Amino acid sequence: MSTSPTGPLPPADGLLSAARRNLRELAHGLSHASHPSTPLLAHAPKLWQRLLPYVVVLALAATFIPVTITVLTTQYGVPGALAGALGVAQAAPLLMLAHRPLQAWWIIFPADILGALVLLAQPADSSDVWPWTPPAIVAYLFLLLALGLRETRRTVIAVWAVTGAAGAVLHLIAADRSSGSALLLTILGGVVLVIGGAVRERGVAQRRLAEQETISEAERAQRTLLEERTRIARELHDVVAHHMSVITVQADSAPYRISGLPKAAEEEFTAIAAAARESLGEMRRLLSVLRSEGTEGDRAPQPGLDRLQQLVEATVRAGLPAELALSAELGSGRGEVPPAVDLSAYRIVQEALANVVRHAPGARTRVLVAPDNGHLLVLVVNGPAAAPGSPLETSGTGHGLVGMRERVRLTGGTLDTGPLPDGGFRVAARMPLPPAAAPSTPPAAAPSTPLPPEDL
């Protein structure tokens, strides 16, 4: 093996193999279209845009068929029947440019070569353009533009190389008849193919960018949903841990509170307490997995309906005119409301008020929380913003509405959100209450914060 200062030289058979491989790729590009037979602009949003390619190719064929026949008969003296056949073969396949440009090339290119050979049998004239006639050159440029817009770089390079090679061979066959049209078509064809390929690659890049943006948007929405579910799980940990602790204490103290328990019953209570303690430990380990790195657990008790008044007052101090109507049955305590519903109701009101402050600053807001036919109704309604602001987060990527949906879904309730005709926004959640907590009489609003029903 021969060597060079930079290393061993590649063997000759390796270069030949690479050349054969490249030739096979070029041949494959010429024989196989890189796109399905869908029309150009088939996915355009408007009908006239989808019909435009058909109108263009119909106009091209209707123009070049008679022009080609006329030029062949009058300028080159080709017999009428032969000129008609050549004109149809060279121009009629232009109808295929909208959906099958490569197949059209396989018809037009051999027809152009045949036409050049036919012209050799005609008397020579110094003004004649050969080997390609003027109509053939212009029609071929339209064909190359369609190929550049639809086919891959490998295919258009192969088409350009074959076109240039055919022109060179025809020039060698009759150099005295050649007028330079072969070189002209090669140069203009290369420019047209570059333009078409650049437009095609730009369109491909835009489509890929749009697809990536769609994927990224879906990933962001999914990540937001998972973050909200993790946050809700961390908050509900305190609720579940409280019940597990109560079970543990009751099971441990049962032998001391209840006298005369059989030995089997004491052992059963001991097993219950041990299982509860083990479950509580597993829950704490699960919480450590859900907690983000660098964050500490929330040591404050989870809020509920008894802190709604403080939440609304803090919102009013922040500059938002808000009113609260809390049912008297709920204002005294949280005993009638399950802990999960209690926490979810508070968080829904909190997130709804935060959305009003963020998207409708200064809007008059009303909050209603009351039992309603075995459900807890949470209603937050705001009017239009006092000043123009950013649109409400209706896309699902914001944490507010996503968190509300997840909390309501967790409790088995329903959530209804949407804009109002006057420019405001409405958030309505209904979460089921235990049968014992269902009211027997209609709820009464707190006297200190009246809210007219017609305003809701």
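Since the structure is predicted, the reported quantities are computational estimates derived from the model, not experimental observations.

(A) Quick look at the sheet that holds strand E3 (residues 322-326). Reading across from one edge, E3-E4-E5-E7-E6 is the order of the five strands in this open sheet, with mixed pairing throughout. The strands lining the two open edges of the sheet, one partner per strand, are E3 and strand E6 (414-419). If you compare each strand with its neighbour and ignore which way they point, the axes differ by 10 degrees on average. Two strands pair when backbone bridges link them, and strand E4 (residues 365-372) and strand E5 (residues 375-382) are joined in this way by eight bridges, in the antiparallel orientation.

(B) Layout of the pattern of salt bridges. In total, this model carries eight salt bridges according to the counting rule given. Residue Arg 430 is joined to Asp 372 by a salt bridge in which the shortest nitrogen-to-oxygen separation is 3.7 Å. Placement of the pair is Arg 430 in strand E7 (residues 425-432) and Asp 372 in strand E4, with a sequence separation of 58 residues. The exposure class of Arg 430 is partly exposed, given its relative accessible area of 28%. Here Asp 372 falls in the partly exposed class, since its relative accessible area comes to 28%. In this structure, the salt-bridge partner of Arg 409 is Glu 406, at a minimum N-O distance of 2.9 Å. In this pair, Arg 409 and Glu 406 both sit in helix H12 (residues 399-411), three residues apart, roughly one turn of the helix. A relative accessible area of 52% means that Arg 409 is categorised as exposed. Each member of the salt-bridge network shares a partner with another, and the members are Arg 153, Arg 200 and Glu 201.

(C) Expanded view of the nonpolar core. Formed by 42 residues in total, the largest nonpolar core has its most connected members in Leu 94, Leu 97, Trp 105, Tyr 140, Leu 143 and Leu 144. Counting only elements with at least two residues in this core, the list comes to helix H2 (47-74), helix H3 (80-91), helix H4 (101-120), helix H5 (134-150), helix H6 (153-173) and helix H7 (181-257). In terms of nonpolar packing, the next biggest core, distinct from the first, is built from 33 residues, Val 349, Ala 352, Val 408 and Val 427 among them.

(D) Summary view of the environment of Trp 130. Tracing the backbone through its elements, the reader meets Trp 130 in the loop between H4 and H5. With relative accessibility at 1%, the residue Trp 130 sits in the buried group. Taking the C-alpha atoms as reference points, Trp 130 and Ser 181, 51 residues apart in sequence, are found 6.2 Å from one another. Those residues in contact with Trp 130, other than ones at most four positions away along the chain, are Ala 116, Leu 119, Leu 120, Leu 170, Ala 174, Arg 177, Ser 178, Ser 179, Gly 180 and Ser 181.

Reading guide: rules and limits
Along each chain, numbering runs from 1 in the same order as the chain's sequence is written. In keeping with the model being predicted, local features are shown solely for residues with a pLDDT of at least 70 and side-chain atom pairs are shown and tallied solely at 80 or more, while totals for entire chains, interfaces and linings include all residues. Computation of side-chain values: all heavy atoms of the structure, hydrogens and water removed. DSSP bridges decide pairing: two strands pair if at least two such bridges lie between them. A helix here means a DSSP run of H or I that spans at least four residues, while a strand means a run of E at least two residues long, and both kinds are numbered starting from the N terminus. Angles run from 0 to 180 degrees between N-to-C directions of axes, and those axes are lines fitted to C-alpha atoms, restricted for helices to the stretch in contact. Counted as salt bridges are all cases of a side-chain nitrogen of Lys or Arg within 4 Å of a carboxyl oxygen of Asp or Glu. Exposure categories follow from relative accessible area, calculated using a 1.4 Å probe and restricted to protein chains: below 20% of the type maximum is buried, above 50% is exposed, and the middle band is partly exposed. Side-chain atoms within 4.5 Å are what join buried Ala, Val, Leu, Ile, Met, Phe, Trp, Tyr and Cys residues into a set we call a nonpolar core. Two residues form a contact once any of their heavy atoms are found within 4.5 Å.

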